[in-house]
Amino acid sequence: MTENDGGAKLVRLEDFEGELEDPWKEAQGLEVRDKFGEEIGTVEDLYILEDAQAVHLIKVDLEGRHVLIPVDALTTATEDGVDVEQDKDTIADSPEHDSDEVPDAEASRAAYAHYGYPDQLTWGAE
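A quick note: this is a predicted structure, and the numbers were derived from the prediction, not measured.

Draft legend 1. Layout of the side chain of Ser94. On the secondary structure map, Ser94 appears in the loop between α1 (88–92) and α2 (105–115). Once you skip the residues sitting within four places of it in the chain, Ser94 turns out to touch Arg65, Val67, Leu68, Ile69, His114 and Tyr115.

If you want it as structure tokens, here you go:
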């Protein structure tokens with residue numbers, strides 16, 4: 001679990017004790033597609049903002065490399081897969097996360113910055 005100065009807690013799916021909406025409960029193993037519908041990898045793990053009970057980041061396996069994608073970059077998440085609003089190259093250039101640990105605030109911020117979104121986890125953190 002990681003926590004910023006503002007108290008936001010990020011936990012892995014397996015450590016989350018709250019309720020998530022479908023399809024997130026069974027998201028591990030779903031295919032991940034780029035904006036053209038091309039399969040680029042699979043969901044390996046989810047990192048959830050515990051207090052908000054909302055997915056914050058997904059960890060994606062890209063043929064042995066693991067990257068973080070912010071939930072804000074997703075256009076669709078269904079039981080058929082997850083669609084990202086960027087192309088394959090942008091996704092492939094995402095910050096790597098080969099650890100089994102929850103991403104720290106810096107890793108989360110880097111993933112959000114890569115996709116051009118503000119990171120809720122780091123709001124108010126100095």
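Draft legend 2. Layout of unusual backbone geometry. We note that Gln53 has phi near 50 degrees; this positive angle belongs to a residue other than glycine. When you line up the elements, Gln53 lands in the loop between β4 (39–49) and β5 (54–62). Judged by its relative accessible area of 40%, Gln53 falls in the partly exposed class. Backbone geometry places Glu63, a non-glycine residue, at a positive phi of 50 degrees. Tracing the chain through its elements places Glu63 in the loop between β5 and β6 (65–70).

Draft legend 3. Structural view of the pattern of salt bridges. Following the criterion strictly, the structure yields eight salt bridges and no others. Lys88 serves as the salt-bridge partner of Glu38, at 3.2 Å between the closest nitrogen and oxygen. Of this pair, Glu38 sits in the loop between β3 (31–33) and β4 while Lys88 is found in helix α1, placing the two residues 50 residues apart along the sequence. Judged by its relative accessible area of 40%, Glu38 falls in the partly exposed class. Glu44 is the salt-bridge partner of Lys59, the closest N and O atoms lying 3.4 Å from each other. Of the two residues, Lys59 is situated in strand β5 and Glu44 in strand β4; the sequence distance between them amounts to 15 residues. In this structure, a network of salt bridges that share partners links the residues Arg12, Glu14 and Asp45.

Draft legend 4. Up close: α2. Inspection of α2 places Ser108, Ala111, Tyr112 and Tyr115 among the buried residues, and these make up the whole buried set. Here the buried residues of α2 occupy an arc of 95 degrees about the axis, which is enough to place them on one side. In α2, the exposed positions that point more than 90 degrees away from the buried face belong to Glu106 and Ala113. The inward-facing, buried residues of α2 contact β5, β6, β8 (81–84) and α1.

Draft legend 5. Representation of the pairing of β6. Most of β6 sits inside the fold, with five of its six residues counted as buried. Between the antiparallel neighbours β5 and β6 lie two residues, among them Glu63 with a positive phi of about 50 degrees.

The rules behind these values
Residues numbered from 1 in each chain as written. Predicted model: local features only at pLDDT ≥ 70, side-chain atom pairs only at ≥ 80, totals over all residues. Heavy atoms only, no water. Helix = DSSP H or I, 4+ residues; strand = E, 2+ residues; numbered from the N terminus. Contact = heavy atoms within 4.5 Å. Buried < 20%, exposed > 50% of the residue type's maximum accessible area, 1.4 Å probe, protein only. Salt bridge = Lys/Arg side-chain N within 4 Å of Asp/Glu carboxyl O. Arc of directions from axis to C-beta. Pairing = 2+ DSSP bridges.

Keep in mind these numbers describe shape, not what the thing actually does.
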